[in-house]
Amino acid sequence: DGGITQSPKYLFRKEGQNVTLSCEQNLNHDAMYWYRQDPGQGLRLIYYSQIVNDFQKGDIAEGYSVSREKKESFPLTVTSAQKNPTAFYLCASSMAGGNSPLHFGNGTRLTVT
Amino acid sequence: EDQVTQSPEALRLQEGESSSLNCSYTVSGLRGLFWYRQDPGKGPEFLFTLYSAGEEKEKERLKATLTKKESFLHITAPKPEDSATYLCAVQGDFSGNTPLVFGKGTRLSVIA
């Protein structure tokens, strides 16, 4: 079955360490997205990519970095510069061209202490 | 700037008690309005896309409607398994693949 796989489901890190969250899709979608979800705040866009080797900052990109070397993969690195990294991170993908719904993975819960 | 406001923040219903969730939006040229369901600890699950005012879509006990300023998600005779957070999102701007802007969601609890 086609879908989006995020790994790991839970991730624990010490403050000051960079950490990379994995996102893989086999839906043959061109566009991929990273959102952050905090209690009471809804989903906020971190980065998105419409094609391979190209990506754009979202509303809260500071302290994060991404790469898009393959169509299927869009890893997110949470750097030590991110002041409040503890959150639920959601990866999504969609077909190109607009009007297409996002398909989400089941998220990674990152805890930084 | 595109904005989405959902109300109420939380809703508690008895099983069988019908109600509606509201999604108010401001957007420069609506390309689509999307409804999602999210269970705790999981990613949102796509429910509906609405494209123009007057459009309606149904799925089981859920019916989504759209006007020029807001969308409603009507829940008829809900069951406990309908308990979840319901998210509304809009895509505006007719240039390019603009990312969706989400509301904060309505947390629905259906009590048996």
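Scope of this entry: the structure provided in the associated data block. (Residues numbered from 1 in each chain as written. Chains lettered and ligands numbered in written order. Predicted model: local features only at pLDDT ≥ 70, side-chain atom pairs only at ≥ 80, totals over all residues. Heavy atoms only, no water.)

## Notes on the overall build of chain B
A count of helical and extended segments in chain B gives zero helices and 11 strands. Scanning chain B from its N terminus toward the C terminus, one meets helices and strands in the order β-β-β-β-β-β-β-β-β-β-β. Relative to the 2.2 N^0.38 estimate, which gives 13 Å for 112 residues, the radius of gyration of chain B is 14 Å and therefore close to what a compact globule would have. With the principal axes as the frame, chain B shows a C-alpha extent of 45 × 30 × 20 Å. A total of 112 residues make up chain B; the buried ones form 46% of that total. Within chain B, residue pairs in contact and separated by at least 24 positions form 55% of the contacts whose partners lie at least 6 positions apart. Carbon and sulfur atoms form 48% of the exposed surface of chain B, whose accessible area is close to 5400 Å². (Helix = DSSP H or I, 4+ residues; strand = E, 2+ residues; numbered from the N terminus. Rg over C-alpha atoms; globule rule 2.2 N^0.38 Å. Buried < 20%, exposed > 50% of the residue type's maximum accessible area, 1.4 Å probe, protein only. Contact = heavy atoms within 4.5 Å. Areas by Shrake-Rupley, 256 points an atom, 1.4 Å probe, with all protein chains shown as cover.)

## Quick word on the state of the cysteines
Scanning the entire structure with this criterion turns up two disulfides over all chains. Between the sulfur atoms of Cys23 of chain A and its disulfide partner Cys91 of chain A the distance amounts to 1.9 Å. As the torsion about the S-S bond is roughly -75 degrees, the Cys23 of chain A-Cys91 of chain A disulfide counts as left-handed. Within this pair, whereas Cys23 of chain A is found in strand β3 (residues 19-25), its partner Cys91 of chain A is found in strand β9 (residues 87-94), the two being separated by 68 residues in sequence. Of the residues examined, Cys23 of chain A reaches a relative accessible area of 1% and is grouped as buried. In this structure Cys91 of chain A comes out as buried when scored by relative accessible area, which is 0%. Disulfide pairing places Cys23 of chain B opposite Cys88 of chain B at an S-S distance of 1.9 Å. Between Cys23 of chain B and Cys88 of chain B, the S-S dihedral sits near -65 degrees, and the bridge is therefore left-handed. A residue pair is termed long-range when its members are at least 10 positions apart, and Cys23 of chain B in strand β3 (residues 19-26) and Cys88 of chain B in strand β9 (residues 84-92) qualify at 65 residues. (Disulfide = S-S within 2.5 Å.)

## Some thoughts on the interface of chain B and chain A
Taken together, the contact between chain B and chain A spans 20 residues of the former and 26 residues of the latter. Across the chain B/chain A interface, buried area totals approximately 1700 Å², and carbon plus sulfur atoms make up 53% of it. Across the contact surface, chain B and chain A share zero salt bridges. There are five residue pairs in polar contact (both at pLDDT 80 or more) connecting chain B and chain A. The set of elements that each furnish at least two residues to the side of chain B that touches chain A consists of β4 (30-38), β5 (45-50) and β9 of chain B. The element best represented in the side of chain B that touches chain A is β4 of chain B, accounting for five residues. Of the residues belonging to the side of chain B that touches chain A, the class tally is nine nonpolar, eight polar and three charged. (Buried area = accessible area lost by both parts, 1.4 Å probe. Salt bridge = Lys/Arg side-chain N within 4 Å of Asp/Glu carboxyl O. Polar contact = N/O pair within 3.5 Å; in protein donor to acceptor, adjacent residues only side chain to side chain. Nonpolar A, V, L, I, M, F, W, Y, C, P; charged D, E, K, R; others polar.)

## Notes on the environment of Glu55 of chain B
Residues and elements named next belong to chain B. For Glu55, the location among the structural elements is in the loop between β5 and β6 (56-59). Sequence separation of Glu55 and Thr65 is 10 residues, and the distance between their C-alpha atoms is 6.0 Å. Setting aside residues no more than four positions away along its own chain, Glu55 makes contact with Thr49, Leu50, Ala64, Thr65 and Leu66. Within the local environment of Glu55, its side chain forms a polar contact with the backbone nitrogen of Tyr51, the two atoms lying 2.6 Å apart.

## Here's the deal with the nonpolar core
Among the nonpolar cores identified, the biggest contains 23 residues, and Leu33, Trp35, Leu73 and Tyr86 of chain B are the most heavily contacted of them. At the level of secondary structure, the elements contributing two or more residues to this core comprise β2 (10-14), β3, β4, β5, β7 (62-66), β8 (70-75), β9 and β11 (106-111) of chain B. A per-element tally of this core places β9 of chain B first, with four residues. Among the nonpolar cores identified, the runner-up in size contains 19 residues, and Val66, Phe74, Tyr89 and Leu110 of chain A belong to it. (Core = buried A, V, L, I, M, F, W, Y, C linked by side-chain atoms within 4.5 Å.)

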